[in-house]
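Chain by chain, the residues run as shown.
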Amino acid sequence: MEKIMLNFNNMGVAQSEIAGIGDKIADAVKAMGDKRSKMAWRDLPYNQDAVVCDILEYAEEMLPKIKSLVVLGIGGSALGPIALQQALRSQFYNLHNQFRDDFPQLFVLDNIDPATMLDLLAVIDPETTLFSVVSKSGATSETMAQFMIVKGLLERELGAEKARRHIVCTTDAENGNLIKIARTEGYKTFYIPSGVGGRFSQLCPVGLLPAAFTGVDIKALLAGAADMDKMCQNADYMANPACAFAILHYLAMKQGKNITVMMPYTDKLKFMADWFAQLWGESLGKEGMGQTPVKALGTTDQHSQVQLYVDGPDDKIVVFLGVEDLDVYLQIPEDFTDMPSIGFLGGNTLDELLQASQKATEYALTKAGRANMTITLPVIDEHTMGQLFYMLEVATAFAGELMGINAFDQPGVEEGKNAVYRHFGRPGY
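Summarised in this report is the structure supplied together with it.

## A closer look at the packing of aromatic side chains
- Under the definition given, this model contains twelve aromatic pairs.
- Geometrically, the ring pair formed by Trp-41 and Phe-408 is tilted, given 6.3 Å between the ring centres and 45 degrees between the ring planes. Placement of Trp-41 in the loop between α2 (22–34) and α3 (49–62) and of Phe-408 in the loop between α17 (382–403) and α18 (411–423) is noted, with a sequence separation of 367 residues between them.
- Ring-pair connections join several aromatic residues into one group, and the members of that group are Trp-41, Phe-200, Tyr-390 and Phe-408.

So, in structure tokens, the structure goes:
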């Protein structure tokens, strides 16, 4: 089994500091075990055989009929699918059939900017588009507003009966507006398991459905998560990547390092930083505590942010995301040999330059005494991405136990939603 690795040698944390919170770590380990039955997202690698079969059968039925899949969702309903698509498919997947074979273009409408929505509706054909509506509660204002616009458009263009076959819903099995609408209208429906919140939902139909439609091996994705679950049960918590990640971040927070920067060194993992930002920020930013997640990208942000990280306030951890084998090689010509300042690049490859740049940034931070750690994927594929999603989810839950907070609610977000309801006169608000 190829597995991702966590290297925390550059965190500058003494063993005595870890030992000093030994009782707190033991309590968190126990709580994670005691509460596992309440963390339904931890069962997703094991209990979805029937769901996976249903998704694959539905995709097989629909793929010959559509050229575009549009996901309507926000937060975890959008960020996970975007991150996985960017990691596993061509960066220009949507532009040409040769990249897609028999799969549709994928668009994720993760905001309600009307210009963006109108621009998308102008370039897709309703006759060959499937709209995937994702909302567990069916009360998310942004997603439901998009859905209402799309429903109206499809019914005008195709008629009510035909429109039904162009909408699929992913929602709660029993409660909320969307399941009621789906049953009334006869939409194909997939379910978000009870106890699985949006930011922990990538490994259920929220993420599996769009992945399957673009040719991602969702069985391998879940298998990777299951393998990481086994690693996360290691009693030696510093050999347990999720526990080690959480413990070291907790200790850093106690030292005033209240910012964590996730910095992938490949465009393929760029949107993992976006997904992680919601997971970490929304889960742990409570009761005056938490750590602000910042997104960066190597090498792009070596030229825009790293000066601050190396020589600015010592209030950050930098988490590198690296890849041992990008499996893509582009050689730099041996040219300009009379110009040593650039000629030295000749004969090397861009992937070598990318990896050297990551090591150089790590070196600069470490030399300056700035905390950093590295998550390394041997390759980027479904199995390692399943590991990465699951590891960061467990790390977030474990950090919540160390901090003594509930990592699974979002009262600040709910207050904002309620204010929108009041503004538009929703009954009861």
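Once the structure has been displayed, the description carries forward.
## Describing the sheet that holds strand β2 (residues 68–72)
- Taken together, five strands build an open sheet; the order of strands is β3-β2-β4-β5-β6 and the sheet is parallel. Every other strand in the sheet has two partners, leaving β3 (105–109) and β6 (188–191) as the edge strands with one partner each. On average, each strand axis in the sheet is tilted by 20 degrees relative to the strand beside it, whichever way the strands run.
- Bridging between strand β4 (residues 129–134) and strand β5 (residues 167–171) involves four bridges; their strand directions are parallel.

## Some thoughts on the nonpolar core
- Judged by nonpolar contacts, the single largest core of 97 residues is most densely connected at Phe-213, Phe-245, Ile-247, Met-272, Ile-375, Met-385 and Leu-392.
- Ranked by the residues each element gives to this core, the list is headed by α17, at 13 residues.
- Residue contacts for Phe-213: discarding those within four places in its chain leaves Tyr-58, Ala-59, Met-62, Leu-63, Ile-66, Leu-69, Phe-103, Pro-104 and Leu-130.
- Grouped together as the second largest cluster of nonpolar side chains are 19 residues, Val-70, Ile-124, Leu-154 and Cys-169 included.

## What about helix α12 (residues 241–254)?
- The end-to-end C-alpha distance of α12, which contains 14 residues, comes to 20 Å, matching closely the 20 Å that a straight helix rising 1.5 Å per residue would cover.
- Most of α12 sits inside the fold, with 13 of its 14 residues counted as buried.
- Count one or two residues on from α12 and you reach Gly-256, which has phi positive near 90 degrees.

## Concerning helix α9 (residues 177–185)
- Those residues of α9 that fall on the buried side of the exposure criterion are Leu-178, Ile-179, Ala-182 and Glu-185. Down the axis of α9, the smallest arc covering the buried residues is 140 degrees, so these residues share one side. Turned more than 90 degrees away from the buried face of α9, the exposed residues are Lys-180 and Thr-184.
- At its buried positions, α9 is contacted by β4, α7 (141–158), β5 and β6.
- Among the residues trailing α9, Gly-186 stands out with phi positive, at a value near 80 degrees.

## Details of the side chain of Thr-128
- Tracing the backbone through its elements, the reader meets Thr-128 in the loop between α6 (114–123) and β4.
- Owing to a relative accessible area of 17%, Thr-128 belongs among the buried residues under this scheme.
- Residue contacts for Thr-128: discarding those within four places in its chain leaves Lys-65, Ile-66, Lys-67, Ser-68 and His-166.

## A short note on the environment of Ala-182
- Mapped onto the elements, Ala-182 comes out in helix α9.
- Residue classification places Ala-182 among the buried positions, given a relative accessible area of 1%.
- Between the C-alpha atoms of Ala-182 and Ile-4, which are 178 residues apart in sequence, the distance is 40 Å.
- Contacts of Ala-182, omitting those with residues within four sequence positions, involve Cys-169, Tyr-187 and Thr-189.

## Some remarks on a negative patch on the surface
- Judged by side-chain charge, Glu-2, Glu-324, Asp-325 and Asp-327 come together as a negatively charged surface patch.
- Assignment of secondary structure puts Glu-2 in the segment before β1 (5–7).

## Concerning the pattern of salt bridges
- Tallied over the full model, the rule gives 15 salt bridges.
- Close ionic contact of Glu-185 with Lys-151 constitutes a salt bridge, the shortest N to O distance being 3.9 Å. In this pair, Glu-185 sits in helix α9 while Lys-151 sits in helix α7, placing the two residues 34 residues apart along the sequence. Lys-151 carries the same exposure label as Glu-185, and that label is buried.
- Asp-409 serves as the salt-bridge partner of Lys-286, at 2.8 Å between the closest nitrogen and oxygen. With Lys-286 in the loop between α13 (270–284) and β8 (292–295) and Asp-409 in the loop between α17 and α18, this residue pair connects regions lying 123 residues apart in the sequence.
- Judged by relative accessible area, Lys-286 falls into the buried class, the value being 8%.
- By relative accessible area, which is 29% here, Asp-409 ends up partly exposed.
- Look at the salt bridges and you will find they share partners, linking Arg-36, Arg-42 and Asp-229 into a network.

The rules behind the values
- All residue numbers here refer to positions counted from 1 along the written sequence of the relevant chain.
- Per-residue local features of the predicted model are confined to residues with pLDDT of at least 70, and side-chain atom pairs are confined, for both listing and counting, to 80 or more; whole-chain, interface and lining totals are unaffected and use all residues.
- Water and hydrogen atoms were dropped before computing side-chain values, which therefore reflect all heavy atoms in the structure.
- For this analysis, a ring pair means two rings from Phe, Tyr or Trp (six-membered ring only for Trp) whose centres lie within 6.5 Å, classed as stacked if their planes differ by under 30 degrees, edge-to-face if by over 60, and tilted for the remaining angles.
- Strands are runs of DSSP state E lasting at least 2 residues, helices are runs of H or I lasting at least 4, and numbering of each runs from the N terminus.
- By definition, two strands form a pair when at least two bridges between them are found by DSSP.
- To obtain each axis, a line is fitted to C-alpha atoms, and for helices this fit is confined to the stretch in contact; angles are then taken between N-to-C directions over 0 to 180 degrees.
- By convention a nonpolar core is built from buried Ala, Val, Leu, Ile, Met, Phe, Trp, Tyr and Cys residues, the set being connected through side-chain atoms within 4.5 Å.
- The buried label goes to any residue with under 20% of its type's maximum accessible area, the exposed label to any with over 50%, and the partly exposed label to all in between, with areas taken from a 1.4 Å probe on protein chains only.
- It only takes one pair of heavy atoms within 4.5 Å for two residues to be counted as in contact.
- Expected helix span is taken as 1.5 Å per residue step, with the number of steps being one fewer than the number of residues.
- It is the directions from the helix axis to the C-beta atoms whose arc is reported.
- Here, patches come from residues exposed beyond 30% relative accessible area and free of salt bridges, joined within 9 Å for like charges and within 5 Å for nonpolar side chains (Val, Leu, Ile, Met, Phe, Trp, Tyr).
- The method behind every accessible area is Shrake-Rupley, applied with a 1.4 Å probe, and residues are considered shielded solely by the protein chains displayed.
- What makes a salt bridge here is a side-chain nitrogen of Lys or Arg within 4 Å of a carboxyl oxygen of Asp or Glu, nothing more.
- Note that His is not counted, nor are the chain ends; the positive residues are Lys and Arg, and the negative ones are Asp and Glu.
- The atoms used to mark charge sites are NZ of Lys, CZ of Arg, CG of Asp and CD of Glu.

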